[in-house]
Amino acid sequence: MAHKGIDKMIEYREILKEDIPKIAKLYISLALYIKNETHDPYFEFNNLSEQDLVVSLKKDMEDERKRILVAIEKDSIVGFIAGGIIDCFLPFSNVAKVGYISAAYVSEENRNHGIMKVLEKMIANDFKEKNISYLELNVISNNFVGKKTWEKLGYNTFRDQMRKRLF
């Protein structure tokens, strides 16, 4: 599917095996972005293994409950969204399964062109086709750009997750 952004022609599609190394690099960019944006201790790491990410992405591609969609401009992947169907966190809810966005990223130079809006709509439609009523995600509290993006796309906070550092 091709879609014209504000001033770019972007192609959108499901990930292919040959995309995996490029997506692994974008995952690293996402982790580094969140680390620098939030200064959150969870994102303190000594190394990010591209190889480990490649292995994980290959497994995700083989899992029918998971989806990874990409945005491409001139043969270069400029963004992605990854998600899957998971159990509802509330075991006694009438909502048994929810769609969950596990990661999403658009390269800095390609932001504000509607790319994430199209990717989110595509993954939401995939989940709707599977009779999934809700789409959820987590955003680090200090990731102000991420929070703003998701709020623009219609997401709102419905629960807060808290943590306590023990040492």
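Everything discussed here concerns the structure shown above.
A few points on the structure. These numbers were taken from a predicted model, which means no experiment stands behind them.

Cut-offs used in this document
- Residues numbered from 1 in each chain as written.
- Predicted model: local features only at pLDDT ≥ 70, side-chain atom pairs only at ≥ 80, totals over all residues.
- Heavy atoms only, no water.
- Helix = DSSP H or I, 4+ residues; strand = E, 2+ residues; numbered from the N terminus.
- Rg over C-alpha atoms; globule rule 2.2 N^0.38 Å.
- Buried < 20%, exposed > 50% of the residue type's maximum accessible area, 1.4 Å probe, protein only.
- Contact = heavy atoms within 4.5 Å.
- Areas by Shrake-Rupley, 256 points an atom, 1.4 Å probe, with all protein chains shown as cover.
- Patch = residues over 30% accessible without salt bridge, like charges linked within 9 Å, V, L, I, M, F, W, Y side chains within 5 Å.
- Salt bridge = Lys/Arg side-chain N within 4 Å of Asp/Glu carboxyl O.
- Expected span 1.5 Å × (residues − 1).
- Axes fitted to C-alpha atoms, helices over the stretch in contact; angles between N-to-C directions.
- Left-handed = near helix turned anticlockwise from the far one by under 90°.
- Nonpolar A, V, L, I, M, F, W, Y, C, P; charged D, E, K, R; others polar.
- Polar contact = N/O pair within 3.5 Å; in protein donor to acceptor, adjacent residues only side chain to side chain.
- Lys, Arg positive; Asp, Glu negative; His and termini not counted.

## Notes on the overall build of the protein
Then comes step 1: When helices and strands are counted, the protein shows four helices and six strands.
Then comes step 2: Taking 2.2 N^0.38 as the reference for a compact globule, 167 residues should give roughly 15 Å; the C-alpha atoms of the protein span a radius of gyration of 16 Å, in line with that estimate.
Then comes step 3: Along the first, second and third principal axes, the C-alpha set of the protein runs to 45 × 40 × 30 Å.
Then comes step 4: A total of 167 residues make up the protein; the buried ones form 41% of that total.
Then comes step 5: Contacts in the protein between residues far apart in sequence, at least 24 positions, make up 64% of those at least 6 positions apart.
Then comes step 6: Just so you have it, the protein exposes about 11200 Å², and 51% of that area is on carbon and sulfur atoms.

## Observations concerning a nonpolar patch on the surface
Then comes step 1: On the surface, a cluster of nonpolar side chains totalling about 440 Å² of accessible area is made up of Phe-89, Leu-90, Phe-92 and Phe-158.
Then comes step 2: A relative accessible area of 32% places Leu-90 in the partly exposed class.

## Looking at the pattern of salt bridges
Pairing is possible between side chains of opposite charge, provided their charged atoms come close.
Then comes step 1: Using the criterion set out here, one finds nine salt bridges in the structure.
Then comes step 2: Taking the shortest distance from any N to any O, the salt bridge between Arg-67 and Asp-126 comes out at 2.9 Å. Linking Arg-67 in strand β3 (residues 66-73) with Asp-126 in helix α3 (residues 115-129), this pair joins segments that are 59 residues apart in sequence. Across the pair, exposure class does not vary: Arg-67 and Asp-126 are buried alike.
Then comes step 3: Through salt bridges with shared partners, a single ionic network connects Glu-11, Arg-13 and Asp-19.

## A look at helix α1 (residues 20-38)
Then comes step 1: Look at α1: 27 Å from first C-alpha to last across 19 residues, which is about the 27 Å you get at 1.5 Å a residue.
Then comes step 2: When α1 is considered as a whole, its buried residues turn out to be Ile-20, Ile-23, Ala-24, Leu-26, Tyr-27, Ile-28, Leu-30, Ala-31, Tyr-33, Ile-34 and Thr-38.
Then comes step 3: Tucked into the core, α1 has its buried residues touching α2 (50-62), β3, β4 (76-87), β5 (97-106) and α4 (144-152).
Then comes step 4: Immediately beyond the C-terminal end of α1, within one or two residues, lies His-39, with a positive phi of roughly 55°.

## Some points on unusual backbone geometry
Then comes step 1: Residue His-39 is not a glycine yet carries a positive backbone phi of 55°.
Then comes step 2: Along the chain, His-39 turns up in the loop between α1 and α2.

## Section: the packing of α1 against α2
Each pair of packed helices can be described by the angle between their axes along with the distance between the axes.
Then comes step 1: Between α1 and α2, the shortest axis-to-axis distance is 9 Å and the interhelical angle comes to 120°. The two elements α1 and α2 meet at a crossing, and its hand is right-handed. Counted together, Ile-20, Pro-21, Ile-23, Ala-24, Lys-25, Tyr-27 and Ile-28 of α1 and Glu-50, Leu-53, Val-54, Leu-57, Lys-58 and Met-61 of α2 form the full contact between these two elements.
Then comes step 2: Tallied by class, the residues present in the contact of α1 with α2 amount to 10 nonpolar, no polar and three charged.

## Observations concerning the environment of Leu-32
Then comes step 1: Inspection of the secondary structure assignment puts Leu-32 in helix α1.
Then comes step 2: By relative accessible area, which is 36% here, Leu-32 ends up partly exposed.
Then comes step 3: The spatial distance from the C-alpha of Leu-32 to the C-alpha of Lys-74 is 25 Å, given a sequence separation of 42 residues.

## Examining the environment of Arg-67
Then comes step 1: When its relative accessible area of 16% is taken as the criterion, Arg-67 is described as buried.
Then comes step 2: Separated by 17 residues in sequence, Arg-67 and Gly-84 place their C-alpha atoms 6.0 Å apart.
Then comes step 3: Not counting residues up to four positions away in its chain, the partners in contact with Arg-67 are Glu-14, Ile-81, Ala-82, Gly-83, Ile-123, Asp-126 and Lys-130.
Then comes step 4: For Arg-67, the side chain forms a polar contact with the side chain of Glu-14, separated by 3.2 Å.

## What about the side chain of Glu-120?
Then comes step 1: Tracing the backbone through its elements, the reader meets Glu-120 in helix α3.
Then comes step 2: No salt bridge is formed by the buried Glu-120, whose closest oppositely charged neighbour, Lys-128, lies at an N-O distance of 8.2 Å.
Then comes step 3: Those residues in contact with Glu-120 that lie beyond four places of it in its chain are Ile-81, Ile-101, Leu-135, Trp-150, Leu-153 and Tyr-155.

## Here we look at the side chain of Asp-126
Then comes step 1: Asp-126 sits in the buried class, given a relative accessible area of 13%.
Then comes step 2: Every residue in contact with Asp-126, bar those within four places of it in the chain, is listed here: Arg-67 and Leu-69.

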